[in-house]
Amino acid sequence: MRQPLLISLALAACCAAALAQTPKLPVESNDEGSIYVSPNLSPTEKAATANGGTLGLQRKDGSGAYGGVDTSGSRPNYSLGASTGGDVSFSAGAHTDGKENMGIKAGVMIRY
C-alpha cells in the first residue's frame with residue numbers, strides 16, 4: 001500500500017519539475033507588455049551561481065522575443081528567438097556556441 005503512494009509522489013514531483021519555468025523578473029512593464037530578465041542560476045548548498053541569463057520582451061498578446069547566453073558549459077552558448085501571439089502562435093529560435101554546437105527550433109502553440 002505504501003509503494004503505490006511513493007510512486008505517485010515521485011511521479012508528481014517529476015511532472016512538476018518538468019513543467020516548471022525559469023522565473024522572469026520584470027525590468028519594465030506597461031500597457032503594451034514587459035521587458036524581463038531571466039537569470040540562469042545554479043543553486044548550491046549555501047549560495048547560487050549565475051551562469052548567464054536571458055533578456056526578453058513579452059507583449060500582452062503573447063508575442064515576444066528573447067536573447068541570452070548560458071555560461072554553464074565549457075563554452076558560452078548564445079541563443080535568440082521570437083514568437084507570434086494570438087490563438088495560433090508560431091515560434092522559432094536558434095542557439096550556438098560559435099563552434100560545433102548549434103541548432104534551431106520551431107513550434108506551433110494552439111490555444112483553445
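Residues numbered from 1 in each chain as written. Predicted model: local features only at pLDDT ≥ 70, side-chain atom pairs only at ≥ 80, totals over all residues. Heavy atoms only, no water.

### Here we look at the sheet that holds strand β7 (residues 102–110)
Within the open sheet, the seven strands sit side by side as β1-β2-β3-β4-β5-β6-β7. Their pairing is antiparallel. A single partner strand is all that each edge strand has here, and the edge strands are β1 (25–29) and β7. Ignoring strand direction, the axes of neighbouring strands in this sheet form an average angle of 15°. With 10 bridges joining them, strand β2 (residues 33–43) and strand β3 (residues 48–59) adopt antiparallel strand pairing. Bridge pairing links Ser34 to Gln58 in β3. (Pairing = 2+ DSSP bridges. Helix = DSSP H or I, 4+ residues; strand = E, 2+ residues; numbered from the N terminus. Axes fitted to C-alpha atoms, helices over the stretch in contact; angles between N-to-C directions.)

### As for the pairing of β7
Little of β7 sits inside the fold, with zero of its nine residues counted as buried. If you look at the hairpin formed by strand β6 (residues 88–96) and β7, you'll find five residues sitting between the two strands, and Gly98 has a positive phi there, around 85°. (Buried < 20%, exposed > 50% of the residue type's maximum accessible area, 1.4 Å probe, protein only.)

### Details of the layout of surface pockets
Here the largest pocket defines a volume of roughly 980 Å³. Along the walls of the largest pocket sit 38 residues, with Lys24, Tyr36, Thr54, Tyr66 and Lys105 positioned nearest its centre. Elements that contribute at least two residues to the lining of the largest pocket include exactly β2, β3, β4 (64–70), β5 (77–83), β6 and β7. Per-element accounting of the lining of the largest pocket gives the leading share, seven residues, to β6. Of the residues contributing to the lining of the largest pocket, the split by class is 16 nonpolar, 18 polar and four charged. (1 Å grid on protein atoms, 1.4 Å probe; cavity = no way out; pocket = protein on both sides within 12 Å on 5 of 7 lines; lining within 4 Å. Points joined across faces, edges and corners; volume = space filled by probe spheres on them. Nonpolar A, V, L, I, M, F, W, Y, C, P; charged D, E, K, R; others polar.)

### What to know about the confidence of the model for the chain
Residue-level pLDDT values for the chain average 82, and 81% of them are 70 or greater. Confidence over residues 15–19 falls short of pLDDT 50; this stretch has zero contacts with residues more than four positions distant or in other chains. (pLDDT = per-residue confidence, 0-100. Contact = heavy atoms within 4.5 Å.)

### Regarding the pairing of β4
Both β3 and β4 contribute to a ladder of seven bridges, which runs antiparallel. Paired with Gly53 across the strands is Val69, a residue of β4. Count of turn residues in the β3/β4 antiparallel hairpin: four residues, of which Gly62 carries a positive phi of about 100°. Across seven bridges, β4 lies against β5 in antiparallel orientation. Following the sheet pairing, Gly67 is matched in β5 by Leu80. Linking β4 to β5, which pair antiparallel, is a turn of six residues.

### Concerning the environment of Lys99
In this structure, Lys99 sits in the loop between β6 and β7. The class of Lys99 is exposed, set by a relative accessible area of 55%. Put simply, Lys99 and Arg75 are 24 residues apart on the chain and 9.0 Å apart in space, counted from C-alpha to C-alpha.

### Looking at the packing of aromatic side chains
By the definition in use, this model includes zero aromatic pairs. The ring of Tyr36 is capped by Lys24, whose NZ or CZ atom sits 4.9 Å from the centre of that ring. (Phe/Tyr/Trp six-rings, centres within 6.5 Å; stacked < 30°, edge-to-face > 60°. Lys NZ or Arg CZ within 6 Å of the ring centre and 35° of its normal.)

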